[in-house]
Amino acid sequence: MKYYSTRDKSKTVTAAQAIAQGLASDGGLFLPESIPSVSIDDISEMCSMDYRSRAVYIMAKYLDEFSEQELKGFVSEAYADNYDDEKIAPTRFLDDNTGVLELFHGPTCAFKDMALQMLPRLLTASLKKLGEKREVCILVATSGDTGKAALEGFADVQDTSIAVFYPRDGVSDVQKLQMTTQRGENVCVCSVEGNFDDAQTGVKLIFSDKDFAEKLDKSGVFLSSANSINWGRLLPQLAYYFSAYCDFVNAGKIKLGDEIDFCVPTGNFGDILAGWYAKKMGLPVRKLICASNCNNVLTDFINTGVYDKNRPFHTTISPSMDILVSSNLERLLFMLSDDSSVCTWMQQLKETGRYDVGEKVLAGVRADFDCGYAEDAQAKAAIKTLFEQCGYLMDTHTADAYVVLADKRAKGDCFPTVLVSTASPFKFADSVLDALGKPSDMPGAQLVSALEAATGVKAPAPLTGLDKKQVRFTQCTAKENMPDVVLDFASKRR
Ligand SMILES: *Cc1c(COP(=O)(O)O)cnc(C)c1O
(Lines give C-alpha, C1' and ligand atoms only; values in the text may rest on other atoms or scores of the structure.)
Protein backbone atom coordinates (compact mmCIF):
# COMPACT_ATOMS: atom_id res chain seq x y z
CA MET A 1 0.00 0.00 0.00
CA LYS A 2 1.25 3.48 -0.93
CA TYR A 3 0.73 6.71 1.01
CA TYR A 4 0.48 10.29 -0.22
CA SER A 5 0.46 13.75 1.35
CA THR A 6 -2.74 15.76 1.91
CA ARG A 7 -1.01 18.67 0.15
CA ASP A 8 0.22 16.79 -2.93
CA LYS A 9 -1.32 13.59 -4.22
CA SER A 10 1.25 13.07 -6.94
CA LYS A 11 4.17 11.98 -4.75
CA THR A 12 3.72 8.64 -3.04
CA VAL A 13 5.76 6.95 -0.33
CA THR A 14 5.78 3.51 1.30
CA ALA A 15 4.26 2.83 4.73
CA ALA A 16 7.76 2.65 6.21
CA GLN A 17 8.60 6.08 4.76
CA ALA A 18 5.32 7.60 5.96
CA ILE A 19 5.91 6.31 9.49
CA ALA A 20 9.59 7.30 9.54
CA GLN A 21 8.89 10.84 8.33
CA GLY A 22 5.72 11.52 10.36
CA LEU A 23 4.84 14.72 8.54
CA ALA A 24 5.21 15.02 4.75
CA SER A 25 7.96 17.36 3.53
CA ASP A 26 5.34 19.73 2.07
CA GLY A 27 3.74 20.13 5.52
CA GLY A 28 0.85 17.80 4.72
CA LEU A 29 -0.26 14.61 6.46
CA PHE A 30 0.20 11.14 5.02
CA LEU A 31 -2.84 9.14 3.95
CA PRO A 32 -3.19 5.61 2.55
CA GLU A 33 -4.04 5.73 -1.16
CA SER A 34 -7.05 3.45 -0.63
CA ILE A 35 -9.12 2.16 2.26
CA PRO A 36 -9.10 -1.65 2.55
CA SER A 37 -12.46 -3.23 3.24
CA VAL A 38 -13.57 -5.61 5.94
CA SER A 39 -16.64 -7.80 5.48
CA ILE A 40 -19.19 -8.90 8.06
CA ASP A 41 -17.65 -12.38 7.81
CA ASP A 42 -14.26 -10.90 8.64
CA ILE A 43 -15.76 -9.14 11.66
CA SER A 44 -17.38 -12.41 12.70
CA GLU A 45 -13.94 -13.99 12.59
CA MET A 46 -12.51 -11.15 14.69
CA CYS A 47 -15.20 -11.74 17.32
CA SER A 48 -13.45 -14.94 18.39
CA MET A 49 -10.01 -13.33 18.58
CA ASP A 50 -8.29 -11.65 21.51
CA TYR A 51 -7.32 -7.98 21.32
CA ARG A 52 -3.81 -8.67 20.05
CA SER A 53 -5.02 -10.75 17.10
CA ARG A 54 -7.71 -8.19 16.27
CA ALA A 55 -5.00 -5.53 16.13
CA VAL A 56 -2.76 -7.59 13.84
CA TYR A 57 -5.75 -8.35 11.58
CA ILE A 58 -6.55 -4.68 11.03
CA MET A 59 -3.02 -3.28 10.87
CA ALA A 60 -1.85 -5.91 8.38
CA LYS A 61 -4.29 -4.49 5.84
CA TYR A 62 -2.36 -1.21 5.76
CA LEU A 63 1.17 -2.51 6.22
CA ASP A 64 1.89 -4.98 3.46
CA GLU A 65 5.63 -4.32 3.75
CA PHE A 66 5.55 -5.90 7.18
CA SER A 67 5.13 -9.65 7.54
CA GLU A 68 2.38 -11.01 9.74
CA GLN A 69 5.13 -12.51 11.90
CA GLU A 70 6.67 -9.07 12.41
CA LEU A 71 3.32 -7.52 13.32
CA LYS A 72 2.55 -10.32 15.74
CA GLY A 73 5.89 -9.68 17.40
CA PHE A 74 5.21 -5.93 17.79
CA VAL A 75 1.73 -6.49 19.14
CA SER A 76 2.77 -9.10 21.66
CA GLU A 77 5.30 -6.61 23.07
CA ALA A 78 3.08 -3.53 22.86
CA TYR A 79 0.01 -5.07 24.50
CA ALA A 80 1.43 -7.33 27.19
CA ASP A 81 1.82 -7.20 30.97
CA ASN A 82 2.48 -3.48 30.63
CA TYR A 83 -1.35 -3.46 30.59
CA ASP A 84 -3.19 -4.07 33.84
CA ASP A 85 -6.18 -5.74 32.17
CA GLU A 86 -5.65 -8.92 30.19
CA LYS A 87 -8.37 -7.83 27.74
CA ILE A 88 -6.17 -4.76 26.96
CA ALA A 89 -9.18 -2.64 25.92
CA PRO A 90 -12.21 -4.07 27.75
CA THR A 91 -15.79 -2.90 27.16
CA ARG A 92 -17.86 -2.47 30.35
CA PHE A 93 -21.61 -2.19 29.98
CA LEU A 94 -23.44 0.50 31.95
CA ASP A 95 -26.75 -0.75 30.52
CA ASP A 96 -27.89 -2.79 27.50
CA ASN A 97 -27.25 0.05 25.08
CA THR A 98 -24.16 1.63 26.53
CA GLY A 99 -20.71 0.08 26.65
CA VAL A 100 -17.69 1.96 27.98
CA LEU A 101 -14.59 1.12 25.98
CA GLU A 102 -11.77 1.49 28.49
CA LEU A 103 -8.60 2.56 26.71
CA PHE A 104 -6.61 3.47 29.81
CA HIS A 105 -5.15 0.20 31.05
CA GLY A 106 -1.68 0.85 29.59
CA PRO A 107 1.48 2.11 31.33
CA THR A 108 0.51 5.81 31.39
CA CYS A 109 -3.21 5.33 32.06
CA ALA A 110 -4.53 7.14 28.98
CA PHE A 111 -5.65 5.98 25.55
CA LYS A 112 -2.48 7.33 23.94
CA ASP A 113 -0.73 4.14 25.06
CA MET A 114 -2.80 2.15 22.57
CA ALA A 115 -0.84 3.85 19.80
CA LEU A 116 2.37 4.85 21.52
CA GLN A 117 3.29 1.39 22.70
CA MET A 118 3.09 0.32 19.02
CA LEU A 119 4.68 3.32 17.30
CA PRO A 120 8.30 2.85 18.51
CA ARG A 121 8.19 -0.71 17.21
CA LEU A 122 6.71 0.32 13.87
CA LEU A 123 9.14 3.21 13.62
CA THR A 124 12.39 1.40 14.40
CA ALA A 125 11.39 -1.42 12.04
CA SER A 126 10.58 1.15 9.34
CA LEU A 127 13.98 2.83 9.76
CA LYS A 128 15.69 -0.55 9.41
CA LYS A 129 13.76 -1.26 6.21
CA LEU A 130 14.86 2.11 4.85
CA GLY A 131 18.53 1.53 5.73
CA GLU A 132 18.57 4.68 7.88
CA LYS A 133 21.88 5.21 9.68
CA ARG A 134 21.09 8.43 11.53
CA GLU A 135 19.42 8.62 14.92
CA VAL A 136 15.78 9.69 14.94
CA CYS A 137 14.77 12.39 17.39
CA ILE A 138 11.07 12.31 18.21
CA LEU A 139 9.67 15.77 18.75
CA VAL A 140 6.39 16.03 20.65
CA ALA A 141 4.06 18.86 21.62
CA THR A 142 1.72 17.62 24.28
CA SER A 143 -1.35 18.78 26.13
CA GLY A 144 -0.34 16.22 28.77
CA ASP A 145 -1.11 12.64 27.87
CA THR A 146 0.79 12.26 24.59
CA GLY A 147 4.00 13.44 26.18
CA LYS A 148 4.06 10.85 28.90
CA ALA A 149 2.85 8.07 26.63
CA ALA A 150 5.51 8.91 24.02
CA LEU A 151 8.23 9.14 26.67
CA GLU A 152 7.23 5.77 28.04
CA GLY A 153 7.11 4.28 24.54
CA PHE A 154 10.51 5.59 23.44
CA ALA A 155 12.54 5.61 26.68
CA ASP A 156 15.84 3.81 26.04
CA VAL A 157 14.74 2.54 22.61
CA GLN A 158 17.95 2.15 20.60
CA ASP A 159 18.77 4.71 17.88
CA THR A 160 16.01 7.04 19.06
CA SER A 161 15.76 10.04 21.34
CA ILE A 162 12.72 12.04 22.36
CA ALA A 163 12.09 15.69 23.27
CA VAL A 164 8.73 16.62 24.78
CA PHE A 165 7.29 20.13 25.15
CA TYR A 166 4.24 20.77 27.33
CA PRO A 167 2.40 24.03 28.13
CA ARG A 168 3.56 25.26 31.53
CA ASP A 169 0.09 26.06 32.79
CA GLY A 170 -1.96 23.56 30.85
CA VAL A 171 -1.41 20.10 32.37
CA SER A 172 -2.57 18.49 35.60
CA ASP A 173 -0.28 18.02 38.59
CA VAL A 174 -0.24 14.27 38.06
CA GLN A 175 0.51 14.62 34.34
CA LYS A 176 3.37 17.00 35.07
CA LEU A 177 4.87 14.67 37.68
CA GLN A 178 4.55 11.73 35.32
CA MET A 179 6.61 13.57 32.71
CA THR A 180 9.20 15.32 34.87
CA THR A 181 10.10 12.05 36.60
CA GLN A 182 10.49 10.11 33.33
CA ARG A 183 13.25 7.50 33.32
CA GLY A 184 15.55 6.93 30.32
CA GLU A 185 18.86 8.28 29.00
CA ASN A 186 17.47 9.44 25.65
CA VAL A 187 14.68 11.73 26.91
CA CYS A 188 14.26 15.51 27.29
CA VAL A 189 11.24 17.19 28.89
CA CYS A 190 10.70 20.97 28.79
CA SER A 191 7.75 23.25 29.55
CA VAL A 192 6.77 26.14 27.27
CA GLU A 193 5.42 29.54 28.28
CA GLY A 194 1.94 29.52 26.75
CA ASN A 195 -0.83 27.06 25.94
CA PHE A 196 -0.91 23.82 23.95
CA ASP A 197 -1.35 25.58 20.62
CA ASP A 198 1.81 27.60 21.34
CA ALA A 199 3.74 24.39 21.99
CA GLN A 200 2.26 22.69 18.92
CA THR A 201 2.95 25.68 16.67
CA GLY A 202 6.53 25.76 17.95
CA VAL A 203 7.01 22.10 17.09
CA LYS A 204 5.44 22.52 13.65
CA LEU A 205 7.78 25.44 12.94
CA ILE A 206 10.80 23.34 13.86
CA PHE A 207 9.61 20.58 11.53
CA SER A 208 9.26 22.95 8.58
CA ASP A 209 12.64 24.69 9.14
CA LYS A 210 15.07 23.36 6.51
CA ASP A 211 18.14 25.11 7.99
CA PHE A 212 17.40 23.52 11.31
CA ALA A 213 17.16 20.08 9.71
CA GLU A 214 20.59 20.63 8.11
CA LYS A 215 22.12 21.56 11.44
CA LEU A 216 20.75 18.42 13.01
CA ASP A 217 21.84 16.31 10.08
CA LYS A 218 25.43 17.41 10.78
CA SER A 219 25.16 15.73 14.16
CA GLY A 220 23.69 12.61 12.55
CA VAL A 221 20.14 13.24 13.74
CA PHE A 222 16.82 13.70 11.96
CA LEU A 223 13.39 14.59 13.31
CA SER A 224 10.19 12.62 13.37
CA SER A 225 6.86 13.01 15.09
CA ALA A 226 4.92 10.96 17.59
CA ASN A 227 1.99 13.38 17.53
CA SER A 228 -1.23 11.99 16.14
CA ILE A 229 -0.31 13.44 12.76
CA ASN A 230 1.91 10.33 12.31
CA TRP A 231 0.05 7.57 10.45
CA GLY A 232 1.80 5.05 12.69
CA ARG A 233 -0.15 6.56 15.58
CA LEU A 234 -3.50 6.57 13.90
CA LEU A 235 -3.35 3.04 12.58
CA PRO A 236 -3.16 1.11 15.89
CA GLN A 237 -6.26 3.04 16.99
CA LEU A 238 -8.42 1.56 14.25
CA ALA A 239 -8.23 -1.80 15.99
CA TYR A 240 -10.14 -0.83 19.11
CA TYR A 241 -13.19 0.33 17.17
CA PHE A 242 -13.45 -3.14 15.68
CA SER A 243 -12.70 -4.69 19.04
CA ALA A 244 -15.48 -2.78 20.84
CA TYR A 245 -17.92 -3.77 18.12
CA CYS A 246 -16.98 -7.43 18.61
CA ASP A 247 -17.44 -7.00 22.38
CA PHE A 248 -20.99 -5.70 21.76
CA VAL A 249 -21.76 -8.70 19.58
CA ASN A 250 -20.15 -11.18 21.99
CA ALA A 251 -22.13 -9.73 24.90
CA GLY A 252 -25.33 -10.37 22.96
CA LYS A 253 -26.25 -6.66 22.99
CA ILE A 254 -26.46 -6.43 19.19
CA LYS A 255 -26.57 -8.84 16.25
CA LEU A 256 -23.61 -9.08 13.91
CA GLY A 257 -24.21 -6.48 11.20
CA ASP A 258 -26.29 -4.10 13.37
CA GLU A 259 -25.04 -0.54 13.47
CA ILE A 260 -23.79 1.21 16.60
CA ASP A 261 -22.66 4.73 17.49
CA PHE A 262 -19.36 5.76 19.03
CA CYS A 263 -19.19 8.79 21.30
CA VAL A 264 -15.61 10.04 21.44
CA PRO A 265 -13.98 12.74 23.61
CA THR A 266 -12.09 14.72 20.99
CA GLY A 267 -9.18 17.16 20.87
CA ASN A 268 -6.81 16.76 17.95
CA PHE A 269 -9.36 14.60 16.07
CA GLY A 270 -6.99 11.59 16.01
CA ASP A 271 -9.00 9.14 18.07
CA ILE A 272 -12.31 9.78 16.30
CA LEU A 273 -10.67 9.84 12.86
CA ALA A 274 -9.53 6.27 13.46
CA GLY A 275 -13.22 5.49 14.04
CA TRP A 276 -14.07 7.11 10.72
CA TYR A 277 -11.53 4.87 8.96
CA ALA A 278 -13.07 1.85 10.69
CA LYS A 279 -16.49 2.91 9.39
CA LYS A 280 -15.17 3.39 5.86
CA MET A 281 -13.55 -0.05 6.00
CA GLY A 282 -16.97 -1.53 6.62
CA LEU A 283 -17.52 -1.54 10.39
CA PRO A 284 -21.29 -1.06 10.92
CA VAL A 285 -21.24 2.41 12.50
CA ARG A 286 -24.18 4.80 12.29
CA LYS A 287 -22.60 7.95 13.69
CA LEU A 288 -19.36 9.04 15.26
CA ILE A 289 -20.27 11.57 17.90
CA CYS A 290 -17.56 14.18 18.33
CA ALA A 291 -17.61 15.38 21.94
CA SER A 292 -15.73 18.52 22.97
CA ASN A 293 -15.30 20.60 26.09
CA CYS A 294 -16.05 24.33 25.93
CA ASN A 295 -13.18 24.73 23.44
CA ASN A 296 -15.92 23.71 21.04
CA VAL A 297 -14.43 24.72 17.72
CA LEU A 298 -15.26 21.26 16.31
CA THR A 299 -18.89 21.39 17.47
CA ASP A 300 -19.32 24.64 15.58
CA PHE A 301 -17.50 23.24 12.57
CA ILE A 302 -19.66 20.12 12.35
CA ASN A 303 -22.79 22.26 12.75
CA THR A 304 -21.88 24.99 10.25
CA GLY A 305 -18.94 23.98 8.05
CA VAL A 306 -17.00 26.99 9.32
CA TYR A 307 -13.80 26.29 11.22
CA ASP A 308 -12.92 29.37 13.25
CA LYS A 309 -10.21 29.33 15.88
CA ASN A 310 -10.58 33.06 16.58
CA ARG A 311 -12.13 32.64 19.98
CA PRO A 312 -11.02 32.64 23.60
CA PHE A 313 -8.94 29.65 24.65
CA HIS A 314 -10.32 28.00 27.80
CA THR A 315 -8.32 25.98 30.31
CA THR A 316 -10.73 23.23 31.34
CA ILE A 317 -10.80 20.16 33.58
CA SER A 318 -10.25 18.06 30.43
CA PRO A 319 -6.89 19.56 29.40
CA SER A 320 -6.08 16.96 26.75
CA MET A 321 -9.00 18.39 24.77
CA ASP A 322 -8.03 22.05 25.21
CA ILE A 323 -7.19 22.46 21.55
CA LEU A 324 -8.24 25.03 18.98
CA VAL A 325 -6.44 23.60 15.96
CA SER A 326 -7.36 19.95 15.45
CA SER A 327 -4.59 18.75 13.14
CA ASN A 328 -6.17 15.49 12.03
CA LEU A 329 -9.26 17.19 10.64
CA GLU A 330 -7.11 17.93 7.59
CA ARG A 331 -7.11 14.21 6.77
CA LEU A 332 -10.89 13.99 6.86
CA LEU A 333 -11.31 17.12 4.75
CA PHE A 334 -8.90 15.77 2.20
CA MET A 335 -10.89 12.56 1.92
CA LEU A 336 -14.14 14.50 1.47
CA SER A 337 -12.98 17.14 -1.02
CA ASP A 338 -10.49 17.67 -3.79
CA ASP A 339 -6.88 18.15 -2.86
CA SER A 340 -6.47 21.77 -3.93
CA SER A 341 -9.21 22.92 -1.52
CA VAL A 342 -7.36 21.53 1.49
CA CYS A 343 -4.24 23.55 0.62
CA THR A 344 -6.38 26.69 0.37
CA TRP A 345 -8.19 26.07 3.65
CA MET A 346 -4.97 25.33 5.53
CA GLN A 347 -3.44 28.52 4.12
CA GLN A 348 -6.53 30.47 5.24
CA LEU A 349 -6.30 28.85 8.67
CA LYS A 350 -2.70 30.00 8.94
CA GLU A 351 -3.44 33.54 7.74
CA THR A 352 -6.88 34.31 9.17
CA GLY A 353 -7.57 31.47 11.62
CA ARG A 354 -10.72 30.55 9.71
CA TYR A 355 -12.03 28.64 6.71
CA ASP A 356 -15.40 27.58 5.33
CA VAL A 357 -15.68 24.18 3.61
CA GLY A 358 -19.04 24.90 1.96
CA GLU A 359 -22.29 22.94 1.70
CA LYS A 360 -21.05 19.86 -0.12
CA VAL A 361 -18.16 18.97 2.17
CA LEU A 362 -20.27 19.85 5.22
CA ALA A 363 -22.90 17.35 4.06
CA GLY A 364 -20.14 14.74 3.80
CA VAL A 365 -19.01 15.49 7.35
CA ARG A 366 -22.54 15.38 8.72
CA ALA A 367 -23.25 12.04 7.08
CA ASP A 368 -20.77 10.41 9.44
CA PHE A 369 -20.50 12.76 12.42
CA ASP A 370 -22.72 14.15 15.15
CA CYS A 371 -21.38 16.51 17.75
CA GLY A 372 -21.85 18.19 21.09
CA TYR A 373 -19.89 19.71 23.94
CA ALA A 374 -19.89 19.89 27.71
CA GLU A 375 -19.19 22.71 30.13
CA ASP A 376 -16.96 21.80 33.06
CA ALA A 377 -19.87 22.03 35.50
CA GLN A 378 -21.89 19.52 33.45
CA ALA A 379 -18.94 17.12 33.26
CA LYS A 380 -18.43 17.32 37.02
CA ALA A 381 -22.11 16.70 37.72
CA ALA A 382 -22.00 13.67 35.40
CA ILE A 383 -18.99 12.19 37.22
CA LYS A 384 -20.81 12.49 40.54
CA THR A 385 -24.13 11.13 39.28
CA LEU A 386 -22.67 8.16 37.44
CA PHE A 387 -20.54 7.21 40.43
CA GLU A 388 -23.41 7.52 42.88
CA GLN A 389 -25.93 5.72 40.69
CA CYS A 390 -23.81 3.00 39.03
CA GLY A 391 -20.60 2.94 41.08
CA TYR A 392 -18.70 3.70 37.88
CA LEU A 393 -15.91 6.25 38.19
CA MET A 394 -14.93 8.09 35.01
CA ASP A 395 -12.37 10.76 34.23
CA THR A 396 -13.09 14.31 33.10
CA HIS A 397 -12.56 13.69 29.35
CA THR A 398 -14.83 10.67 29.33
CA ALA A 399 -17.32 12.78 31.26
CA ASP A 400 -17.49 15.34 28.44
CA ALA A 401 -18.51 12.57 26.09
CA TYR A 402 -20.91 11.16 28.68
CA VAL A 403 -22.70 14.52 28.89
CA VAL A 404 -23.10 14.60 25.10
CA LEU A 405 -24.38 11.02 25.09
CA ALA A 406 -26.76 11.71 28.00
CA ASP A 407 -28.19 14.60 26.00
CA LYS A 408 -28.85 12.24 23.09
CA ARG A 409 -30.48 9.73 25.44
CA ALA A 410 -32.63 12.48 26.95
CA LYS A 411 -33.94 13.22 23.46
CA GLY A 412 -35.16 9.63 23.22
CA ASP A 413 -32.31 8.20 21.14
CA CYS A 414 -31.45 4.82 22.68
CA PHE A 415 -29.19 3.61 19.85
CA PRO A 416 -26.46 1.21 21.07
CA THR A 417 -23.41 3.35 21.73
CA VAL A 418 -19.81 2.85 22.70
CA LEU A 419 -18.65 5.57 25.07
CA VAL A 420 -14.94 5.80 24.43
CA SER A 421 -13.16 6.27 27.75
CA THR A 422 -9.77 7.86 27.26
CA ALA A 423 -8.17 8.15 30.70
CA SER A 424 -8.08 6.73 34.18
CA PRO A 425 -9.97 8.99 36.61
CA PHE A 426 -6.85 8.93 38.80
CA LYS A 427 -4.90 10.82 36.18
CA PHE A 428 -7.19 13.80 36.77
CA ALA A 429 -7.72 13.06 40.43
CA ASP A 430 -7.97 16.74 41.46
CA SER A 431 -10.93 17.49 39.21
CA VAL A 432 -12.57 14.14 39.90
CA LEU A 433 -12.33 14.69 43.68
CA ASP A 434 -13.72 18.14 43.17
CA ALA A 435 -16.59 16.72 41.14
CA LEU A 436 -17.39 14.31 43.96
CA GLY A 437 -17.47 17.22 46.41
CA LYS A 438 -14.26 16.17 48.17
CA PRO A 439 -11.24 18.33 49.06
CA SER A 440 -8.71 18.51 46.23
CA ASP A 441 -6.26 21.15 47.40
CA MET A 442 -3.16 19.00 47.87
CA PRO A 443 -0.06 17.97 45.92
CA GLY A 444 -0.42 15.67 42.90
CA ALA A 445 0.74 12.43 44.46
CA GLN A 446 -1.57 12.74 47.49
CA LEU A 447 -4.55 13.31 45.22
CA VAL A 448 -4.28 9.78 43.93
CA SER A 449 -4.57 8.21 47.38
CA ALA A 450 -7.29 10.69 48.38
CA LEU A 451 -9.40 9.59 45.40
CA GLU A 452 -8.83 5.94 46.32
CA ALA A 453 -9.97 6.66 49.86
CA ALA A 454 -13.02 8.62 48.73
CA THR A 455 -14.28 6.02 46.26
CA GLY A 456 -12.91 2.62 47.24
CA VAL A 457 -11.68 2.28 43.64
CA LYS A 458 -8.08 1.10 43.34
CA ALA A 459 -5.62 3.43 41.60
CA PRO A 460 -3.55 2.01 38.72
CA ALA A 461 -0.02 1.08 39.83
CA PRO A 462 1.83 3.59 37.56
CA LEU A 463 0.09 6.50 39.33
CA THR A 464 0.92 5.50 42.89
CA GLY A 465 4.15 6.58 44.57
CA LEU A 466 4.80 9.40 42.08
CA ASP A 467 5.96 11.63 44.94
CA LYS A 468 8.79 9.24 45.76
CA LYS A 469 10.26 9.52 42.28
CA GLN A 470 13.00 12.03 41.53
CA VAL A 471 12.05 15.05 39.41
CA ARG A 472 14.62 15.05 36.59
CA PHE A 473 13.41 17.91 34.37
CA THR A 474 12.66 21.51 35.39
CA GLN A 475 13.49 23.54 32.26
CA CYS A 476 10.96 26.10 30.95
CA THR A 477 11.39 27.98 27.66
CA ALA A 478 9.77 30.72 25.57
CA LYS A 479 8.30 29.23 22.40
CA GLU A 480 10.82 31.15 20.23
CA ASN A 481 13.64 29.28 21.94
CA MET A 482 12.30 25.76 21.43
CA PRO A 483 14.73 25.07 18.53
CA ASP A 484 17.70 25.83 20.81
CA VAL A 485 16.44 23.36 23.39
CA VAL A 486 16.24 20.63 20.76
CA LEU A 487 19.62 21.44 19.26
CA ASP A 488 21.26 21.51 22.65
CA PHE A 489 19.75 18.16 23.58
CA ALA A 490 20.58 16.51 20.25
CA SER A 491 24.17 17.73 20.15
CA LYS A 492 24.89 16.67 23.72
CA ARG A 493 23.81 13.18 22.87
CA ARG A 494 26.17 12.78 19.94
C1 LIG B 1 -5.53 12.91 23.73
C2 LIG B 1 -6.73 12.75 24.54
C3 LIG B 1 -8.01 13.00 24.04
C4 LIG B 1 -8.24 13.55 22.66
O5 LIG B 1 -7.85 12.67 21.65
P6 LIG B 1 -7.59 13.23 20.16
O7 LIG B 1 -7.04 12.09 19.41
O8 LIG B 1 -6.59 14.34 20.33
O9 LIG B 1 -8.88 13.73 19.65
C10 LIG B 1 -9.08 12.76 24.86
N11 LIG B 1 -8.92 12.30 26.12
C12 LIG B 1 -7.70 12.05 26.63
C13 LIG B 1 -7.60 11.56 28.03
C14 LIG B 1 -6.57 12.24 25.87
O15 LIG B 1 -5.37 11.99 26.39
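Counting of residues starts from 1 at the beginning of each chain's written sequence and follows it residue by residue. For a predicted model such as this one, the threshold for reporting local features is a pLDDT of at least 70, and the threshold for listing and counting side-chain atom pairs is 80 or more; totals across whole chains, interfaces and linings nevertheless cover every residue. Note: side-chain values were computed over all heavy atoms of the structure, leaving out hydrogens and water.

## A few points about helix 2 (residues 40-47)
- Restricting attention to buried positions, one finds in helix 2 the residues Asp42, Ile43, Met46 and Cys47. Buried residues along helix 2 cover an arc of 150° about the axis, so they all sit on one side.
- On its buried face, helix 2 sits against helix 3 (51-60) and helix 11 (231-250). Burial classification: accessible surface area is computed with a 1.4 Å probe over protein chains only, and a residue below 20% of its type maximum counts as buried, one above 50% as exposed, and the rest as partly exposed. The secondary structure listing takes helices from DSSP runs of H or I that are at least 4 residues long and strands from runs of E that are at least 2 residues long, numbered from the N terminus. It is the directions from the helix axis to the C-beta atoms whose arc is reported. Here a residue-residue contact requires only that any non-hydrogen atoms of the pair lie within 4.5 Å.

## Here we look at the packing of aromatic side chains
- Any two rings among Phe, Tyr and Trp, with Trp reduced to its six-membered ring, count as a pair given centres within 6.5 Å; such a pair is stacked if its planes are under 30 degrees apart, edge-to-face if over 60, and tilted if neither. On inspection of all chains with the given rule, the structure shows 16 aromatic pairs.
- On the basis of an interplanar angle of 80° and a centroid distance of 5.8 Å, the ring pair of Tyr79 and Tyr83 is categorised as edge-to-face. Both residues of the pair, Tyr79 and Tyr83, count as buried.
- Here a set of aromatic residues connected by ring pairs shows up, and it is made of Tyr3, Tyr62, Trp231, Trp276 and Tyr277.
- Placement of a positive charge over a ring is assigned whenever Lys NZ or Arg CZ falls within 6 Å of the ring centre and within 35 degrees of the normal to the ring plane. When the ring centre of Phe66 is taken as reference, the NZ or CZ atom of Lys129 above it lies at 4.6 Å.
- In this arrangement the basic side chain of Lys253 is found over the ring face of Phe93, its NZ or CZ atom lying 5.0 Å from the centre.

## As for the nonpolar core
- Counting 114 residues, the largest nonpolar core has Tyr62, Leu63, Tyr79, Phe262, Leu333 and Tyr355 as its most contacted members.
- Residue contributions to this core peak at 13 residues, all from helix 11.
- By convention a nonpolar core is built from buried Ala, Val, Leu, Ile, Met, Phe, Trp, Tyr and Cys residues, the set being connected through side-chain atoms within 4.5 Å. Core analysis: the second largest hydrophobic core is formed by 37 residues, Ala374, Ala401, Val404 and Leu466 among them.

## Section: the packing of helix 2 against helix 3
- Lines fitted to the C-alpha atoms define the axes, with helices restricted to the stretch that makes contact. Angles between their N-to-C directions range from 0 to 180 degrees. Interaxial distance between helix 2 and helix 3 falls to 9 Å at its minimum, and their mutual angle equals 150°. Viewed along their axes, helix 2 and helix 3 adopt a mutual orientation that is roughly antiparallel. Between helix 2, through Asp42, Glu45, Met46 and Cys47, and helix 3, the contact on the second element is made entirely by Arg54, Tyr57 and Ile58.
- Ten residue types, Ala, Val, Leu, Ile, Met, Phe, Trp, Tyr, Cys and Pro, are classed as nonpolar, four, Asp, Glu, Lys and Arg, as charged, and the remainder, Gly among them, as polar. Here the contact of helix 2 with helix 3 is composed, by residue class, of 4 nonpolar, no polar and 3 charged. The labels follow the angle: roughly parallel below 35 degrees, roughly antiparallel above 145, roughly perpendicular from 65 to 115, and oblique for the rest.

## Remarks on the site of the ligand
- Each residue is tested against the molecule or strand, and it is near if at least one of its non-hydrogen atoms lies within 4 Å. Close contacts around the ligand come from 15 residues, with Lys112, Asp145, Gly267, Asn268 and Thr422 the closest.
- Here a polar contact means two N or O atoms within 3.5 Å. Within protein one must be a hydrogen donor candidate and the other an acceptor candidate, and residues neighboring in sequence count only if both atoms are side-chain atoms. Separating an oxygen atom of the ligand from a side-chain N or O atom of Lys112 is a distance of 2.5 Å.
- One of the backbone N or O atoms of Asn268 is found 2.7 Å from an oxygen atom in the ligand.
- Surface accessibility in these figures is a Shrake-Rupley result with a 1.4 Å probe; residues are shielded only by whichever protein chains are displayed. Protein contacts shield 98% of the accessible area of the ligand, which totals 380 Å² for the unbound molecule.

## A short note on the side chain of Thr455
- The topology assignment puts Thr455 in helix 20 (residues 444-455).
- A polar contact is formed between the side chain of Thr455 and the backbone oxygen of Leu451, at a distance of 2.7 Å.
- Setting aside residues no more than four positions away along its own chain, Thr455 makes contact with Phe387, Leu393 and Leu436.

## Digging into the sheet that holds strand 14 (residues 369-373)
- Strand order in the open sheet formed by 6 strands is 4-5-15-10-11-14, with mixed pairing between adjacent strands. Since the sheet does not close on itself, it has two edges, and those belong to strand 4 (91-95) and strand 14, each with one partner. For this sheet, the mean inter-axis angle between neighbouring strands, taken without regard to orientation, is 25°.
- Paired strands, as defined in this entry, are two strands with at least two bridges between them according to DSSP. Pairing of strand 10 (residues 260-265) with strand 15 (residues 417-421), which is carried by 3 bridges, proceeds in the parallel orientation.

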